[in-house]
Amino acid sequence: MKTKWNRFLLTIILIPLLMIWSTPLAFAQSDTQIRITQVDNSKFPNVIVYVSVTNAAGDPVGVDPKTIQISENGAIMQPVDLRGGGDVGGGAIPVTTMLVVDISGSMDKNGKLDAAKEAGKKYVSQMRPGDQVGLMTYDTKVYNVQPITTDIAMLTSAIDGLKSGSDTAMYNALVEAEKNLEGISGRKAIIVLTDGLDNRSQSTAEDVITGVGQSGLTISAIGFGDAGVTGQTGLDETGLKSLSEKTGGLYSLATDVQSLTAFYQQYGQSLQSEYAITYVSPSTLRDGINRALTVSLATPGGQVSQVAGYNPGGVLPEVTGQSWTLFGMIFAGLLLLSFVPVAISRGAGLLGRIKPKRRIKLSGSPSTASGAGKKSSIKGK
């Protein structure tokens, strides 16, 4: 009896301990996050979906890419190619990054420009073979400081040479950065640093979002300064967050050189650890209709997913290869019909030019007339 009582007490004590032990594990397993960062449909109907898997802190989480599931309009897609994840199977994905740095006058205060230089150099130092980086800066104008390159030494030198200027034209700079990335395929991203409010751009946030294009890219922003300050020297955190969210990127607020460097490193590591999943869209025409994309991942803490979308582009409906013969026949028929009015008009003109011959009216000769008179006179008798 005493043994049973001891077992009962032991069970009562162990149950809470097991609950306390298992709770952190459950939280650790459920904090996995999955995001679609870029959709490249430049080779449609082949669609490349870039996927980021991180924990709640934004650090990469390695998973088997075969466990990532892509659905288009609710139908599960079968991948034709799986790559990425850094060192976790499948090989790494080369990344092209455009660093866009604010050099307005306020960046010269409190050592912010020096901090930006250190963070930028730290970012390029972690480049892998195949990665590319470019450097652009902006104040009232936009400066293409270093075109996209794989040369870390050139990038480091370009960053060291940065000097501050005047006001801020961030949106103009982002539009120019998008143009510089247009001809580049694969995973590409813009990381923009700003310490104040855009007050000189002719371009808008909507212009930047529209410029993302079919090949896609992400824009991540880092605000550097005091978010509590209002006016021209304050940060437009609402605008920066919205821009990052709509272009598949991230937003972070840095307050010192340590946090700024940490964000640059984290963004770089996250980009280098993404997965590229290629599938063939079942709707093969560029019909201009939005497609819903869902990415999901089964984790020990349950399934995590995210819904995004893309548009294949196209203004007029496309025709399949089997329809080209019919299309050609219809086109030829329409072409012939277009000549009918011309032919009728020319025919009418030719007929109008033909002059009709005059008709000769035969009148009786004098002899005939007198003969007729004699004949009638004889009958009269």
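The model shown is predicted, which means the values in this text are computed figures rather than measured ones.

1. Section: the packing of helix 2 (residues 112–125) against helix 3 (residues 152–160)
- Helix 3 packs onto helix 2 with a crossing angle of 175° between their chain directions and a minimal axis gap of 9 Å. Taken together, the axis directions place helix 2 and helix 3 in an arrangement best described as roughly antiparallel. When helix 2 is examined against helix 3, the residues Lys-117, Gly-120, Lys-121 and Val-124 are found in contact with a partner set consisting of Ile-152, Leu-155, Thr-156, Ile-159 and Asp-160.
- A breakdown of the residues in the contact of helix 2 with helix 3 according to their chemical character gives 4 nonpolar, 2 polar and 3 charged.

2. Re the sheet that holds strand 10 (residues 218–224)
- If you trace the 6 strands from one edge of the open sheet to the other, you get 8-7-6-9-10-11, paired in mixed fashion. Strands at the two margins of the open sheet, each flanked by one partner only, are strand 8 (142–149) and strand 11 (251–254). In this sheet, adjacent strand axes meet at a mean angle of 15° when their direction is disregarded.
- The pairing of strand 9 (residues 187–194) with strand 10 spans 6 bridges and is parallel.

3. Regarding the sheet that holds strand 13 (residues 291–299)
- The strand order 4-3-13-14 describes an open sheet built from 4 strands, whose pairing is antiparallel. Looking at which strands have only one partner, the edges of the open sheet turn out to be strand 4 (75–76) and strand 14 (302–310).
- Pairing of strand 13 with strand 14, which is carried by 9 bridges, proceeds in the antiparallel orientation. The residue of strand 14 that forms the bridge with Arg-291 is Tyr-310.

4. Thoughts on the nonpolar core
- Counting residues in each nonpolar core, the largest one holds 29 residues, and the members touching the most others are Leu-99, Tyr-123, Val-124, Leu-193, Ile-222, Leu-260 and Tyr-264.
- Looking at this core, the elements that each hand over two or more residues are strand 6 (95–102), helix 2, strand 7 (132–138), helix 3, strand 9, strand 10 and helix 7 (257–272).
- With 6 residues, helix 2 is the single largest residue contributor to this core.
- Residues contacting Leu-99, with those up to four places away along its chain left out, are Gly-120, Tyr-123, Val-124, Val-133, Gly-134, Leu-135, Met-136, Ile-191 and Tyr-264.

5. Points about the side chain of Asn-41
- Following the sequence through the fold, Asn-41 ends up in the loop between strand 1 (33–40) and strand 2 (46–54).
- Residues in contact with Asn-41, not counting those within four places in the same chain, are Asn-46, Gln-214, Arg-286, Tyr-310, Asn-311 and Pro-312.

6. Considerations on the pairing of strand 13
- Inspection of the sheet shows strand 3 (residues 68–72) paired to strand 13 by 5 bridges, in the antiparallel sense. In the strand pairing of strand 13, Glu-72 is matched with Leu-293.
- Two successive antiparallel strands, strand 13 and strand 14, enclose a turn made up of 2 residues.

The rules behind these values
Residues numbered from 1 in each chain as written. Predicted model: local features only at pLDDT ≥ 70, side-chain atom pairs only at ≥ 80, totals over all residues. Heavy atoms only, no water. Axes fitted to C-alpha atoms, helices over the stretch in contact; angles between N-to-C directions. Helix = DSSP H or I, 4+ residues; strand = E, 2+ residues; numbered from the N terminus. Parallel < 35°, antiparallel > 145°, perpendicular 65-115°, else oblique. Contact = heavy atoms within 4.5 Å. Nonpolar A, V, L, I, M, F, W, Y, C, P; charged D, E, K, R; others polar. Pairing = 2+ DSSP bridges. Core = buried A, V, L, I, M, F, W, Y, C linked by side-chain atoms within 4.5 Å. Buried < 20%, exposed > 50% of the residue type's maximum accessible area, 1.4 Å probe, protein only.

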